[in-house]
Amino acid sequence: MTTSSNPVLEVSHFNVDYGVGAAAVRAVDNVTFTLERAHVLGVAGESGSGKSTLAYGLTRLLRAPGIITGGDVHLHLGTDADARRMDLLAASEAELRAIRWKHISVVMQSALNALNPVRKIGKEFDEVLKTHNRSMSKSARKDRARELLGLVNLTPDRLERYPHELSGGQRQRVMIAMALALQPELVIMDEPTTALDVVTQREIVAELQKLRQELGFALIFITHDLSLLVELADEIMVMYAGRIVERAPALELYRGPRHPYTLGLMGSFPPLHGERKVMTGIPGSPPNLKDLPGGCAFHPRCPYAMERCTLEDPMLSPIEDGQRTVACWLHDPSVSAAVPVELRRKDAALAGEAG
Ligand code: ATP
Ligand code: SF4
């Protein structure tokens, strides 16, 4: 899955720590992935699993005491003749400013905090459009702002409003429209719908689905709600204690998770559509990064833990002809323990039953 034909973002062995020396904790640990142009990558995991740190780290928006301590991040900009590959970790602040909004934009959880409370919405759009396109006239900027609001189903009169005059869902739509204003190749959204009610969440996810088909941007969508991702993502990456523990095409992951943690996450949220099941959740709490358990970090909470899990840390490894990757001893060919039926390939499960 790491070989790619038309990538927009390449991340390899990316690490982020909070603090230095003995006090440091690793919040993002050895994360490697490639995102294809116009694809949607969902990132899921409980609170504290490192999702936001990953988003802030990749975009170089991380604040102290967060420090990027390793890895490579490359963004592919432009197309055809003017295409170039930019080393985001080596880029200067000026270089980063030049690509923000235009090539990569970020929507964070709280739109209320992201929008200036004393500035009308129209002024916010105007600033973004003006900064990156000096030749655009004032009236052209206003037309473009109206058009952008239309994309997210907001009427043009919202341009004359202050953020506090809009609902939470409307503010989040404004942020999404601003993120798309300059048609970036990559948009990163960190829990953009978490503070909203379920109906508004579903509407926004449906709008994003439509927009990405129309505009062709790649999207990293971060949430703790796995069921939301299935609506939107091409692939899903699940994080635990700063690491990727499973990555698979979205529907396949949803139909058949291979990692016990993914299975637990799926039991933590009601599906957006269809039958509402009894929520089972994951026993215990997320680990303390200062004192991670030895072996597999999930072992104290894992119903399938074996002795080996307490001793050795499983690597993220390809399974099922490289269609997906998982970090769990249950799927290691050297382990003789049977894979629990709920984590097995369905054809393997059937073969097992037949035998
Ligand atoms: P949430 O869904 O709650 O936003 P998350 O998966 O995005 O969670 P992060 O916010 O990235 O997780 O946090 C990852 C880890 O880094 C957590 O253990 C958290 O306690 C730690 N962390 C985050 N910010 C800081 C900070 N400023 N100083 C020290 N540790 C931090
Ligand atoms: Fe559970 Fe062991 Fe797999 Fe970790 S490696 S998820 S403890 S079975």
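Residues numbered from 1 in each chain as written. Chains lettered and ligands numbered in written order. Predicted model: local features only at pLDDT ≥ 70, side-chain atom pairs only at ≥ 80, totals over all residues. Heavy atoms only, no water.

(A) Inspection of the site of ligand 2 at higher detail. Around ligand 2, the structure places 13 residues, and the nearest of them are C296, C302, C309, C328 and W329. Of the residues belonging to the shell around ligand 2, the class tally is 11 nonpolar, 2 polar and no charged. (Near = heavy atom within 4 Å. Nonpolar A, V, L, I, M, F, W, Y, C, P; charged D, E, K, R; others polar.)

(B) Representation of the site of ligand 1 in the model. Around ligand 1, the surrounding shell holds 13 residues, and the nearest of these are S47, G48, K51, S52 and T53. In isolation ligand 1 has 630 Å² of accessible area, and contact with the protein removes 63% of it. For the shell around ligand 1, the element with the highest residue contribution is helix α1 (residues 51-58), accounting for 3 residues. Of the residues contributing to the shell around ligand 1, the split by class is 4 nonpolar, 6 polar and 3 charged. (Areas by Shrake-Rupley, 256 points an atom, 1.4 Å probe, with all protein chains shown as cover. Helix = DSSP H or I, 4+ residues; strand = E, 2+ residues; numbered from the N terminus.)

(C) Region of the structure containing the nonpolar core. Counting residues in each nonpolar core, the largest one holds 67 residues, and the members touching the most others are F125, V174, F221 and I236. Counting residues per element, this core draws most heavily on helix α6 (residues 168-180), which supplies 7 residues. With sequence-adjacent residues up to four places away left out, F125 is seen in contact with A145, L148, L149, L159, V174, A177 and M178. In terms of nonpolar packing, the next biggest core, distinct from the first, is built from 32 residues, V43, I104, A218 and I244 among them. (Core = buried A, V, L, I, M, F, W, Y, C linked by side-chain atoms within 4.5 Å. Buried < 20%, exposed > 50% of the residue type's maximum accessible area, 1.4 Å probe, protein only. Contact = heavy atoms within 4.5 Å.)

(D) Representation of the packing of helix α4 (residues 121-132) against helix α5 (residues 138-151). Contact pair α4 / α5: the axes reach a minimum separation of 10 Å and the direction vectors enclose 115 degrees. The handedness of the crossing between α4 and α5 is right-handed. Judged by residue contacts, F125, D126, L129 and K130 of α4 engage R141, R144, A145, L148 and L149 from α5. In terms of residue class, the contact of α4 with α5 is built from 5 nonpolar, no polar and 4 charged. (Axes fitted to C-alpha atoms, helices over the stretch in contact; angles between N-to-C directions. Left-handed = near helix turned anticlockwise from the far one by under 90°.)

(E) Representation of the packing of aromatic side chains within the structure. Following the criterion strictly, the structure yields 3 aromatic pairs and no others. Judged by centre distance (5.1 Å) and plane angle (80 degrees), the rings of Y240 and F298 are edge-to-face. Of this pair, Y240 sits in strand β9 (residues 235-240) while F298 sits in the loop between α10 (260-266) and α11 (307-311), and the two are 58 residues apart along the sequence. Assessed through its relative accessible area of 4%, Y240 is described here as buried. The exposure class assigned to F298 is buried, which follows from its relative accessible area of 3%. Ring geometry for Y261 and F298: centres 5.3 Å apart, planes at 70 degrees, overall edge-to-face. A residue pair is termed long-range when its members are at least 10 positions apart, and Y261 in helix α10 and F298 in the loop between α10 and α11 qualify at 37 residues. Under the relative-accessibility criterion, Y261 is labelled buried at 0%. Ring-pair connections join several aromatic residues into one group, and the members of that group are Y240, Y261 and F298. Positioned above the aromatic ring of W329, the side-chain terminus of R308 is 3.8 Å from the ring centre. (Phe/Tyr/Trp six-rings, centres within 6.5 Å; stacked < 30°, edge-to-face > 60°. Lys NZ or Arg CZ within 6 Å of the ring centre and 35° of its normal.)

(F) Representation of the pairing of strand β7 (residues 186-190) within the structure. Among the 5 residues that make up β7, 5 are buried, leaving the element largely enclosed by the rest of the structure. Where burial is concerned, the two faces of β7 agree: the one with L186, I188 and D190 and the one with V187 and M189 are both buried. With 5 bridges connecting them, β7 and strand β8 (residues 218-223) associate as parallel partners. Within β8, the residue paired with D190 across the bridge is I222. Note on the crossover from β7 through helix α7 (residues 198-215) to β8: the handedness is right-handed. (Pairing = 2+ DSSP bridges. Right-handed = clockwise from strand over helix to strand, strands pointing away.)

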